[in-house]
Amino acid sequence: MKDDILFSAREVRSLRPKGFGRKAFKLEDISFALPKGYIMGIVGKNGAGKTTFFDYIMDGKKRYSGELLLDGREIHEDHLQTLNQIGFVSEKNEFLNLRTAAQNVQMLSRFYSDFDKDLFESTMESFHVSKNKTVGKMSRGELMKFQLAFAVAHKPKLFLLDEATAGMDPVFRIDFYRLLRELIQDESCSVMLSTHMEEEIEKQLDYVGVLETGRFVSFGEVQPV
């Protein structure tokens, strides 16, 4: 049900601006609610604050006032538990470049309470990416697919995808959204992603929040075209 909220922001503001003088930037007055079983897009130009907002979720230090709630609980009350419940895919590669995908799983899966290695391997196979390929030698598309396979395998409540589809070939992008729809089908999890692609906004998203210079100027359901 749409009143079954998975993730919400309540009057989130940066505690300190990023940068100095006229270039100082901060997030202000961000509020929204994402129900379970839906895909939300955060849309905005470069520098609008999309990555900064995601960083606030992933950072171990609370760098904002207001609240970010996952299943009704402030994410920094137990941030390690929060990270266990988030599947993060980003241009910022947080994995070990000199190791293979399989070696990364062997070393990093222990930090998750319910990591399914068989599910990881089957997802990698469906993506046509070798688990024995060194992460640092992966193309951008392969790296995104590997990160998504890793995220799927630890069964998060929230998938957080930072420009994950940029650089993906159009055929895989269709499969990518098909997979996301399968993941949220039982309404146990939701997806929040940043994107600038109009086709995704119109056809693939359920909710859209528009960021301009650190402020949500609009948020709402996507109306069918």
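Let me sum up the structure you'll find in this document. (Residues numbered from 1 in each chain as written. Predicted model: local features only at pLDDT ≥ 70, side-chain atom pairs only at ≥ 80, totals over all residues. Heavy atoms only, no water.)

Let's talk about the overall build of the chain
- The secondary structure content of the chain amounts to 7 helices and 10 strands.
- Radius of gyration (C-alpha) of the chain: 17 Å, near the 17 Å computed for a compact globule of 225 residues.
- In terms of overall dimensions, the chain has C-alpha extents of about 45 × 40 × 35 Å along its principal axes.
- In the chain, which comprises 225 residues, the proportion classed as buried is 48%.
- If you take every contact in the chain between residues at least 6 apart in sequence, the share linking residues at least 24 apart comes to 68%.
- Per element, the accessible surface of the chain, about 11800 Å² overall, is 49% carbon and sulfur.
- Each charge sign in the chain was given a centre, from 31 positive and 34 negative side chains, and these centres are 7 Å apart. (Helix = DSSP H or I, 4+ residues; strand = E, 2+ residues; numbered from the N terminus. Rg over C-alpha atoms; globule rule 2.2 N^0.38 Å. Buried < 20%, exposed > 50% of the residue type's maximum accessible area, 1.4 Å probe, protein only. Contact = heavy atoms within 4.5 Å. Areas by Shrake-Rupley, 256 points an atom, 1.4 Å probe, with all protein chains shown as cover. Lys, Arg positive; Asp, Glu negative; His and termini not counted. Charge placed at Lys NZ, Arg CZ, Asp CG, Glu CD.)

Topic: helix H5 (residues 140-153)
- Its 14 residues give H5 an end-to-end C-alpha distance of 20 Å, which sits within 8% of 20 Å, the value for a rise of 1.5 Å per residue.
- When we look at burial in H5, the residues that qualify are Gly 141, Leu 143, Met 144, Lys 145, Phe 146, Gln 147, Leu 148, Ala 149, Phe 150, Ala 151, Val 152 and Ala 153.
- As for H5, its buried residues are in contact with strand E6 (86-89), helix H3 (101-108), helix H4 (117-127), strand E7 (158-162) and helix H6 (170-184).
- Lys 155 occupies a position one or two residues after H5 and carries a positive phi of about 50°. (Expected span 1.5 Å × (residues − 1).)

A look at the packing of H4 against H5
- Relative to each other, H4 and H5 sit at 150°, their axes nearing to 8 Å. With respect to their mutual orientation, H4 and H5 come out roughly antiparallel. The chirality of how H4 crosses H5 is right-handed. Across the interface between the two elements, Leu 119, Phe 120, Thr 123, Met 124 and Phe 127 from H4 touch Lys 145, Phe 146, Leu 148, Ala 149, Phe 150, Val 152 and Ala 153 from H5. (Axes fitted to C-alpha atoms, helices over the stretch in contact; angles between N-to-C directions. Parallel < 35°, antiparallel > 145°, perpendicular 65-115°, else oblique. Left-handed = near helix turned anticlockwise from the far one by under 90°.)

What to know about the nonpolar core
- Residues Phe 120, Phe 146, Leu 148, Leu 161 and Phe 176 are the most contacted members of the largest nonpolar core, which totals 38 residues.
- Secondary structure elements with two or more residues in this core: strand E3 (39-43), H3, H4, H5, E7, H6 and strand E8 (190-195).
- Setting aside its immediate chain neighbours within four residues, Phe 120 contacts Ala 101, Val 105, Phe 115, Lys 131, Phe 146, Ala 149, Phe 150 and Ala 153.
- Ranked by size, the runner-up nonpolar core spans 29 residues in total, among them Phe 25, Ile 57, Leu 160 and Met 192. (Core = buried A, V, L, I, M, F, W, Y, C linked by side-chain atoms within 4.5 Å.)

What to know about the packing of aromatic side chains
- What the rule picks out here adds up to 17 aromatic pairs.
- Considering the side-chain rings of Tyr 56 and Tyr 64, the 6.0 Å spacing of their centres and the 25° angle between planes classify their relative orientation as stacked. The two residues Tyr 56 and Tyr 64 agree in class, both being buried.
- Each ring, one from Phe 216 and one from Phe 219, has its centre 6.4 Å from the other, and the planes form 15°; the classification is stacked.
- Among the residues examined, Phe 219 registers a relative accessible area of 31% and is labelled partly exposed.
- Taken together, Phe 7, Phe 32, Tyr 38, Phe 53, Phe 54, Tyr 207, Phe 216 and Phe 219 form an aromatic cluster joined through their ring pairs. (Phe/Tyr/Trp six-rings, centres within 6.5 Å; stacked < 30°, edge-to-face > 60°.)

Section: helix H1 (residues 50-58)
- Here H1 lies mainly inside the structure; 7 of its 9 residues are buried.
- Looking at H1, one finds that the buried residues are Lys 50, Thr 52, Phe 53, Phe 54, Asp 55, Tyr 56 and Ile 57.

Side note on the sheet that holds strand E9 (residues 207-212)
- Spatially, 6 strands are ordered E6-E7-E8-E3-E9-E10 in an open sheet, and the strand pairing comes out mixed. Of all the strands in the sheet, just E6 and strand E10 (215-221) have a single pairing partner and so form its edges. Strand-to-strand twist in this sheet, taken as the mean axis angle between neighbours without regard to direction, amounts to 15°.
- Relative to E7, E6 is paired through 4 bridges, and the arrangement is parallel. Within E7, the position partnered with Val 89 by the bridge is Leu 161.
- Sitting on the sheet, H5 touches E6 and E7, and the angle it makes with E6 is about 175°. (Pairing = 2+ DSSP bridges.)

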